[in-house]
Amino acid sequence: MGNNNQTQKEKQYQSLEKKYETKRPVLKNCLKAFLVGGLFCLVGQAITYFYIYFFNFTEQTAGNPTVATMVFISMLLTGFGVYDHIGQFAGAGSAVPVTGFGNAVISAAIEHRTEGFVLGVGGNMFKLAGSVILFGVFSAFIVALIKTLLIQWGVI
Amino acid sequence: MLIGKQSWTFPNKPVITATGVSGGPFEAKGKLSKDFDILHEDLWMGQDSYEKAQRVLMEEAAQTALEKANMKKDEVQFLIAGDLINQITPTTFSAKTLEMPYVGIFGACSTSMEGLALASFIVNYQGANYILTGSSSHNAANEKQFRYPTEYGGQKPPTAQWSVTGAGAALVKANQNEKGVPVTTSATIGKVVDLGLTDPFNMGGAMAPAAADTIVAHFKDLKLEPSYYDLIITGDLAKIGRDVTYELLQKEGLQIEREKFQDCGLMIYNDDQPVQAGASGAGCSAAVVYGHILNQMKQGVYKRILVVATGALLSPLTYQQKESIPCIAHAVSIEMV
Amino acid sequence: MKNARLLIALLTLVLVGGCNNDGPKESGMALIQTTNPSAVTLNKHTREESDLIEAIETDIEGFKELYDVAVVKGKKDILVAYKVKHLQRFRMKQIEKKVVKHLEDKYPNENFTVSSDYKIFLEAVELEKNMKNPNYSPKKAEDKLQEIIKLQKELT
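Small disclaimer: the values here were computed from a predicted structure and weren't measured.

1. Quick notes on the overall build of chain B
Within chain B one finds 10 helices and 15 strands. Against the 2.2 N^0.38 benchmark of 20 Å for 337 residues, chain B shows a C-alpha radius of gyration of 18 Å, consistent with a compact globule. Projecting the C-alpha coordinates of chain B onto the three principal axes gives extents of approximately 55 × 50 × 35 Å. Of the contacts formed within chain B by residues at least 6 apart in sequence, a portion of 80% connects residues at least 24 apart.

Given below as structure tokens:
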């Protein structure tokens, strides 16, 4: 509340504070995110080929086991305390791919292990990833609904 | 005795007779590792939760202070301590172990000086002969309380600060004409200052006005010049907060030499440790002041110092409700006599 | 801790490597290299038949977006698998439509299955290799072809 009408003093101070604030190195971060994110995708592609090659998956169907494997790997990395260091270095590069989702789930699960399995792990596991699932499913539903309606009406 | 608007002087000069400082593995790699009495190799400290580990830190710091003073715990009248975790429970549990009459205080990262000011005041007026005061924080417990899970791979901005795993405890006793000991001479209680900053990843910037406010009030109340002190040391303003506070003080007309204006959050870790802007946490100022700074005072490096511990009084709830960060700072002056 | 990490990494490698045995061996490099397999028929080895599939193969190879074409003709079905040049992969769907249209216009009496999927291509190449083995029965070959077509139809 009350944040909307800031006093003159607050504005003055905030502009003074801005002067000293260390800026995020946006360009450098973007580059790092691009490279590390690309590296993750390279691994993902290799796993996709692995599934196409040795199992009965086509390019169409290999996506599912690949995602599962990538999440599994990120869970291992999280458990061994490596993923948060990668995250600090790569930023969006490691947060945006599906591995970031795995990390969000398992890090919360590890964090609340001390509160027991039901209220701790079970209750808090999706405290970060839960909203991703909720809004992901919801927006997918809306998009599918629009597409269905458009097809029904013969627009597309 | 009240002096000026919001300060106390302690004419009977209560003595900080012994201190105990404990820390974790990350602090052991820092610049001040020699000044810790107890350093743990394991972040869990043999406990099954980080909150319990923080309890251990506090207990050990208190025990060390008692051992150094050759005292038993039932000789201490009061324990004044606090921390940052859920209703200061880690401190409460250590108070249970220590079996002392207990005053729990909350001042976020300013708890250390809030406790020292209160302890000095009570001791100065014969409210007690011995008071143990201190504060503690644990990196992983703090992260869990205020930020993301420890292993979450989010990128912290360069303004973020690293919570110290550590505790500091000081035993304050009534002065019996002792010489060559550190004593507390005055204290200034700060007021809550909030200039509308909302970013919990930039605590230093939010706390700077509170620190400046308290420092200005201190010199005004006591009618002193900044040159009176050999060192003015802030709690955990870190890189950004220190620079901002320095400029605010200059604007107020306080001329302080830059190297006499230091910050605990910038002293505890090595430059190559990945702590972004610097250190923070209730244990930060306690560990640095009760360890490193008092050691240096005893070695004669400083004769008179002013410690200004700063605290951001936010909770995860107020942050999520988009409230700004209310901040506070308390100052205590420590002198060698 | 260091050792534990190493152990896990090794274990993962062994687990992953363990699945190596039952993979296709001869056609193995088809995923990466250009193989240019010859067109094959599974049943009748008449002049007419081989002329037809040769013609189809030449036709498809004419598309400049593609490289590496495999054509397999069974009793009724003709399987056409190809690889799309990397930068053209964004337009994969359009290319497929174009190929299907071209084939159906030119050979209206045949029943085509067209795919740009690596897996389908891989299997087609393997089938072609197997056909060189005189012990490989036409019945088995036809079954295999039907299996590939089924795989192609499978989604997600």
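2. Description of the overall build of chain C
Secondary structure summary: chain C contains 5 helices and 4 strands in total. Listing every helix and strand of chain C by position from the N terminus yields α-β-α-β-β-α-β-α-α. Scored against the burial criterion, the 156 residues of chain C give a buried share of 26%. Taking as baseline every contact in chain C between residues at least 6 positions apart, the subset at least 24 positions apart corresponds to 63%.

3. A look at the interface of chain A and chain B
Between chain A and chain B, the contact holds 31 residues from the first and 31 residues from the second. When residues of the side of chain A that touches chain B are traced back to their parent elements, those giving at least two are α1 (8–20), α4 (83–90), α5 (92–95) and α6 (98–111) of chain A. Partitioned by chemical class, the residues of the side of chain A that touches chain B number 10 nonpolar, 14 polar and 7 charged.

4. Some points on the domain arrangement of chain B
Residue and element names in this part refer to chain B. Here the domain parsing of chain B yields domain 1 (2–173) and domain 2 (184–336). Computed from C-alpha coordinates alone, the two centres of domain 1 and domain 2 are separated by 17 Å. In terms of residue count, helix α4 (residues 111–124) provides more of the side of domain 1 that touches domain 2 than any other element does, 7 residues in total. Grouping the amino acids of the side of domain 1 that touches domain 2 by side-chain chemistry returns 23 nonpolar, 25 polar and 9 charged.

5. With respect to unusual backbone geometry
A positive phi angle, near 40 degrees, is found at I88 of chain B, a position not held by glycine. Along the chain, the position of I88 of chain B falls in the loop between β5 (78–82) and α3 (89–98). By C-beta crowding, I88 of chain B is classed as buried, having 20 other C-beta atoms within 10 Å. Although it is not a glycine, D68 of chain C sits at a positive phi angle of roughly 60 degrees. Assignment of secondary structure puts D68 of chain C in strand β2 (residues 66–73).

6. Remarks on the pairing of strand β3 (residues 15–23) of chain B
All names here are of chain B. Across the 9 residues that make up β3, a large majority, 9, are buried. Pairing of β3 with strand β9 (residues 166–173), which is carried by 8 bridges, proceeds in the antiparallel orientation. Bridge assignment links A18 to a residue of β9, and that residue is L171. Pairing between β3 and strand β4 (residues 38–39): 2 bridges, direction parallel. Each bridged residue has a counterpart across the sheet, and for G23 the counterpart in β4 is L39.

7. Observations regarding the confidence of the model for chain C
Residues and elements named next belong to chain C. Averaged over every residue, the pLDDT of chain C is 78; residues scoring 70 or more account for 78%. Across residues 17–26 the pLDDT falls below 50, and counting only partners more than four positions away or on other chains, this stretch makes 6 contacts in the model. Complex prediction metrics read pTM 0.85 and ipTM 0.83.

8. Comments concerning the arrangement of the chains
Most contacts, among the 2 pairs of chains that meet, fall between chains A and B. There is a clear gap between chain B and chain C: no contact, and 12 Å between their nearest C-alpha atoms.

The rules behind the values
Residues numbered from 1 in each chain as written. Chains lettered and ligands numbered in written order. Predicted model: local features only at pLDDT ≥ 70, side-chain atom pairs only at ≥ 80, totals over all residues. Helix = DSSP H or I, 4+ residues; strand = E, 2+ residues; numbered from the N terminus. Rg over C-alpha atoms; globule rule 2.2 N^0.38 Å. Contact = placed C-beta atoms within 7 Å. Buried ≥ 20, exposed ≤ 12 C-beta atoms within 10 Å, placed from the backbone. Nonpolar A, V, L, I, M, F, W, Y, C, P; charged D, E, K, R; others polar. Domains from an automatic or database assignment. Pairing = 2+ DSSP bridges. pLDDT = per-residue confidence, 0-100.

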